[in-house]
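Observations on chain architecture
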Amino acid sequence: MKQELIAKYPETTILLTDYFPNLAAFEYTVSQATNIAYSMEAIDARAVPEKYSGLRTQFLSFHHFRPKDAVQILENAVTTRQPIFIAEGQERSLTSMLAMFFSPITVVLSTPFIRPFNFGRLLFTYLIPIVPLFVWWDGIVSCLRTYSEGK
């Protein structure tokens, strides 16, 4: 995918920003592609500085904002005439919540294939199953917090 993006739109740059930037994660991500950069400064999605223009994205994160803050994020994009794309992997529905009950099974089945290998991951997935429990809980809470269209 990233090679297709670079080939078709070589001028496109992806800028990673966050209110609490994880610089180590940003540096790793930047090392994986030539068209990715990051900001070391804290960026508040409710009031993005004018020097940052272009398509704003929120992947699997918009539900973490309180309603007042979510409105401010959208208002800021509209006021500054910047496009915004919000993608959530779940919705506030019974079907989505029921699907989350299978997430611990997915964790248990996929954990051995996660790289780099980590013994702690195995410990907290199989012997002390905290990871599957947290993934299940986070999924249920995320469904309950996800905004519905028009609300």
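Preceding block: the structure.
Here is a short report on the structure shown in this document. (Residues numbered from 1 in each chain as written. Predicted model: local features only at pLDDT ≥ 70, side-chain atom pairs only at ≥ 80, totals over all residues. Heavy atoms only, no water.)

**Re the layout of surface pockets**
- Considered as a void within the structure, the largest pocket measures approximately 1,200 Å³ in volume.
- Looking at which element gives the most residues to the lining of the largest pocket, the answer is strand β1 (residues 14-18), with five residues.
- Looking at the lining of the largest pocket, its residues break down into 16 nonpolar, ten polar and seven charged. (1 Å grid on protein atoms, 1.4 Å probe; cavity = no way out; pocket = protein on both sides within 12 Å on 5 of 7 lines; lining within 4 Å. Points joined across faces, edges and corners; volume = space filled by probe spheres on them. Helix = DSSP H or I, 4+ residues; strand = E, 2+ residues; numbered from the N terminus. Nonpolar A, V, L, I, M, F, W, Y, C, P; charged D, E, K, R; others polar.)

**Description of the pattern of salt bridges**
- With the rule as written, the count across this model stands at three salt bridges.
- Measuring nitrogen to oxygen at the nearest pair gives 3.0 Å for the salt bridge that ties Glu41 to Lys51. Remark: Lys51 occurs in the loop between β2 (36-42) and β3 (56-59) and Glu41 occurs in strand β2; sequence separation between them is ten residues.
- Across the pair Asp44 and Arg46 runs a salt bridge whose closest N-O atoms are separated by 2.7 Å. (Salt bridge = Lys/Arg side-chain N within 4 Å of Asp/Glu carboxyl O.)

**Focus on empty space enclosed by the protein**
- In this structure the tally under the stated criterion is one cavity of 30 Å³ or more.
- Roughly 30 Å³ of internal volume is contained in the largest cavity.
- As for the largest cavity, its lining consists of Thr111, Pro112, Ile114, Arg115, Phe117, Asn118, Arg121 and Leu122.
- Residue composition of the lining of the largest cavity, by class: four nonpolar, two polar and two charged.

**Some details on helix α3 (residues 67-79)**
- With 13 residues, α3 extends 18 Å between its outermost C-alpha atoms, agreeing within 8% with the 18 Å of an ideal straight helix rising 1.5 Å per residue.
- Along α3, the positions that sit buried rather than exposed are Asp69, Ala70, Ile73, Asn76 and Ala77. Taken end-on, α3 shows its buried residues confined to a sector of 125 degrees, consistent with a single buried face. Exposed side of α3, more than 90 degrees from the buried face: Pro67, Lys68, Val78 and Thr79 are the residues found there.
- Lining the buried residues of α3 we find β3 and β4 (84-87). (Expected span 1.5 Å × (residues − 1). Buried < 20%, exposed > 50% of the residue type's maximum accessible area, 1.4 Å probe, protein only. Arc of directions from axis to C-beta. Contact = heavy atoms within 4.5 Å.)

**Regarding the pairing of β3**
- Burial of the side chains of β3 is restricted to one face: Arg56 and Gln58 are buried, whereas none of Thr57 and Phe59 on the reverse face is.
- Direction of pairing for β3 relative to β4: parallel, over a ladder of four bridges. The residue of β4 that forms the bridge with Arg56 is Ile84.
- In this view, the connection linking β3 to its parallel neighbour β4 by way of α3 has right-handed handedness. (Pairing = 2+ DSSP bridges. Right-handed = clockwise from strand over helix to strand, strands pointing away.)

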